[in-house]
Amino acid sequence: MNQTLRNRITVTAGILLTLITGYLLRDVLTPFLFAFILAYILNPLVELLEKWKISRGLSISIILLFLSGIFISGIVFIVPIIQYEISLLIKKMPGYLELIKANVIPYIEERLNIKIPATADEIFNEAILRVKGLSPETISPIVSFIGRAFSSLWGIFGALLSIVIIPVVTIYLLKDFKVIKERVKEYIPRGKKKLWIEKIDEVNTILGKFLRGQLLIAFIEGVIFSIGLSLIGIDMAILVGIMAGLGSIVPYLGFFFGLSVSIILSLLEFHDFAHILWVLALFGGVQALETVVLSPKIMGKKVGLHPVIIILSIMTGGYIFGFFGILLAVPFTAVMKVFLTSSLESYRKSAFYLEE
């Protein structure tokens, strides 16, 4: 076995070992990975402030204070609106359940020629009684979220630890980001340093455009969805709009989530197809805006993945790594495309391929 082959096997084995270790320690590494992504997204802003003769430490402080201000403002102004929307939905829920009981179940029984068990009637009656007994004033979406997320002491400890770890690690990574990049370059084999630096720059361009661009697109779409659904008169328009916007970070997820929820709420509230058409027009228009204007202008065509590949990568990432895998599936696949394309180019230049 020659030295070149031995080196390739060693590098491949090292990569596989790293991936396996990352998978086994995914719960521990998640906050650190999230912190690295935040640092990666924010680093260009820090470097921009540095160009204006502001020290790196002060630049980091300015950016973090600005983001904290946005976060606090969102809590102060948006959370009360969402609380009101949820309280209003709770008040209307008994009527919605009665509507489903009186119309949807008979329709399903007639169309599908099946009989819904009699116990379903008891379930709906019990649900109606329980919803009527709720006090909207005492329902807080934040409390509800905390109750589901922190279902155990370990969940509480892990969540609190992540809340502390993520900003602290982000600050340290931002502080030493230049040093980290230079250290990585030092370990690139000298004979292939130029090639690898070109690939790293290409990956950096793709990741940067995707992560920062997708966040900006998600914000724009969240605002449009919230305003549009409010004008249509959909219940929980702000909450659904924000969730659809955030879901847009993952391609197609926000669109399908927001569309399905909005159609259901439209049917429950208005009982007609006119409002459904308005909902379809809103989401179709936003999707067209993203495809024709937002994505080309903000991200360009650097990611360049076929829709089927995007859907497959999202499903695979979610199956292996859960929700965090869904978030990172597309950028990870885009990065893999860079190296796969390079490998295919090398293969087409090889003697094996050119051999007659």
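Residues numbered from 1 in each chain as written. Predicted model: local features only at pLDDT ≥ 70, side-chain atom pairs only at ≥ 80, totals over all residues. Heavy atoms only, no water.

> Quick question: what am I supposed to make of the pattern of salt bridges here?
Where charged atoms from two side chains of opposite charge come close, those side chains can pair. Here the structure, examined in full by the defined rule, presents six salt bridges. Here Lys181 ties to Glu47 by a salt bridge, and the two come within 3.7 Å at their closest N and O atoms. Placement of Lys181 in helix α7 (residues 177-186) and of Glu47 in helix α2 (residues 26-51) is noted, with a sequence separation of 134 residues between them. Given a relative accessible area of 36%, Lys181 falls into the partly exposed group. Between Lys175 and Asp176 there is a salt bridge, with its nearest N and O atoms 3.7 Å apart. The structure contains a network of salt bridges with shared partners spanning Glu50, Arg56 and Lys178. (Salt bridge = Lys/Arg side-chain N within 4 Å of Asp/Glu carboxyl O. Helix = DSSP H or I, 4+ residues; strand = E, 2+ residues; numbered from the N terminus. Buried < 20%, exposed > 50% of the residue type's maximum accessible area, 1.4 Å probe, protein only.)

> Looking at this structure, I do not really get the nonpolar core. What am I missing?
Most often, soluble globular proteins keep nonpolar side chains buried together rather than apart. Within the largest apolar cluster, 30 residues are counted, with the highest numbers of intra-cluster contacts made by Leu174, Leu211, Ile314 and Val330. It is α2 that contributes the most residues to this core, eight residues altogether. When residues no more than four places from it in sequence are discounted, the contact partners of Leu211 are Ile37, Tyr40 and Ile41. Of all hydrophobic cores here, the second largest spans 22 residues; its members include Tyr96, Ile234, Val240 and Leu265. (Core = buried A, V, L, I, M, F, W, Y, C linked by side-chain atoms within 4.5 Å. Contact = heavy atoms within 4.5 Å.)

> Even after reading the chapter, I still don't get the packing of helix α8 (residues 193-232) against helix α9 (residues 237-247), so can you show me in this structure?
For any two helices packed against each other, the geometry is given by the interaxial angle and the distance between the axes. At their nearest, the axes of α8 and α9 sit 7 Å apart, and the two run at 155° to each other. The angle between α8 and α9 places the two elements in the roughly antiparallel class. In this structure, the crossing between α8 and α9 has a hand that is right-handed. Contact with α8, carried on its side by Ala218, Glu221, Gly222, Phe225, Ser226, Leu229 and Ser230, involves Ala237, Ile238, Val240, Gly241, Ile242, Ala244 and Gly245 of α9 and no other residues of that element. Of the residues belonging to the contact of α8 with α9, the class tally is eight nonpolar, five polar and one charged. (Axes fitted to C-alpha atoms, helices over the stretch in contact; angles between N-to-C directions. Parallel < 35°, antiparallel > 145°, perpendicular 65-115°, else oblique. Left-handed = near helix turned anticlockwise from the far one by under 90°. Nonpolar A, V, L, I, M, F, W, Y, C, P; charged D, E, K, R; others polar.)

> So what exactly am I meant to see when it comes to unusual backbone geometry here?
Note on backbone geometry: most residues besides glycine have negative phi, and most peptide bonds are trans. Despite not being glycine, Lys53 has its phi angle at roughly 65°, a positive value. The residue Lys53 is located in the loop between α2 and α3 (56-112) in this model. Owing to a relative accessible area of 77%, Lys53 belongs among the exposed residues under this scheme. In this model, His271 sits at a positive phi of 60°, which is unusual for a non-glycine residue. Take His271: it is sitting in the loop between α10 (253-270) and α11 (274-299). Classification of His271 by relative accessible area gives exposed; the value is 53%.

> I would appreciate a short explanation of the packing of aromatic side chains in the present structure.
The relative placement of two aromatic rings is captured by the distance of their centres and the angle of their planes. According to the stated counting rule, one finds six aromatic pairs in the structure shown. Residues Tyr40 and Phe177 carry aromatic rings whose centres are separated by 6.5 Å and whose planes lie at 50° to one another, so their mutual orientation is tilted. Here Tyr40, found in helix α2, pairs with Phe177, found in helix α7; they are 137 residues apart in sequence, far enough to count as distant. Overall, Tyr40 belongs to the buried group, its relative accessible area being 10%. A ring pair is formed by Phe255 and Phe283, whose centres lie 6.2 Å apart and whose planes are at 75°; its orientation type is edge-to-face. Taken as a pair, Phe255 in helix α10 and Phe283 in helix α11 lie far apart in primary sequence, 28 residues in all. Taken individually, Phe255 and Phe283 each receive the classification buried, so the pair is uniform in this respect. (Phe/Tyr/Trp six-rings, centres within 6.5 Å; stacked < 30°, edge-to-face > 60°.)

> I would appreciate a short explanation of the packing of α9 against α10 in the present structure.
Where α9 meets α10, the axes come as close as 6 Å, and the angle between the chain directions of the two elements is 160°. What the angle tells us is that α9 and α10 run roughly antiparallel. For the crossing formed where α9 meets α10, the hand is right-handed. Counted together, Val240, Met243, Ala244 and Gly247 of α9 and Leu253, Gly254, Phe257, Gly258, Val261, Ser262 and Leu265 of α10 form the full contact between these two elements. Split by residue class, the contact of α9 with α10 holds seven nonpolar, four polar and no charged.

> Honestly, the side chain of Ser248 in this entry has me stumped. Any pointers?
In this fold, Ser248 is placed in the loop between α9 and α10. Judged by relative accessible area, which is 6%, Ser248 ranks as buried. Excluding its chain neighbours within four sequence positions, the residues that come into contact with Ser248 are Gln214, Ala218, Glu221, Phe225 and Gly254.

> Is there a simple way to think about the environment of Ile276 in this case?
Summarising the element assignment, Ile276 is placed in helix α11. Residues Ile276 and Ser262, spaced 14 residues apart in sequence, show a C-alpha to C-alpha distance of 8.2 Å. Contacts of Ile276, omitting those with residues within four sequence positions, involve Ile263, Ser266 and Leu267.

> Even after reading the chapter, I still don't get the environment of Arg26, so can you show me in this structure?
On the secondary structure map, Arg26 appears in helix α2. Considering only alpha carbons, one finds Arg26 and Phe321, 295 residues apart in sequence, at a separation of 7.7 Å. Setting aside residues up to four positions removed in sequence, Arg26 forms contacts with Ile320 and Phe321.

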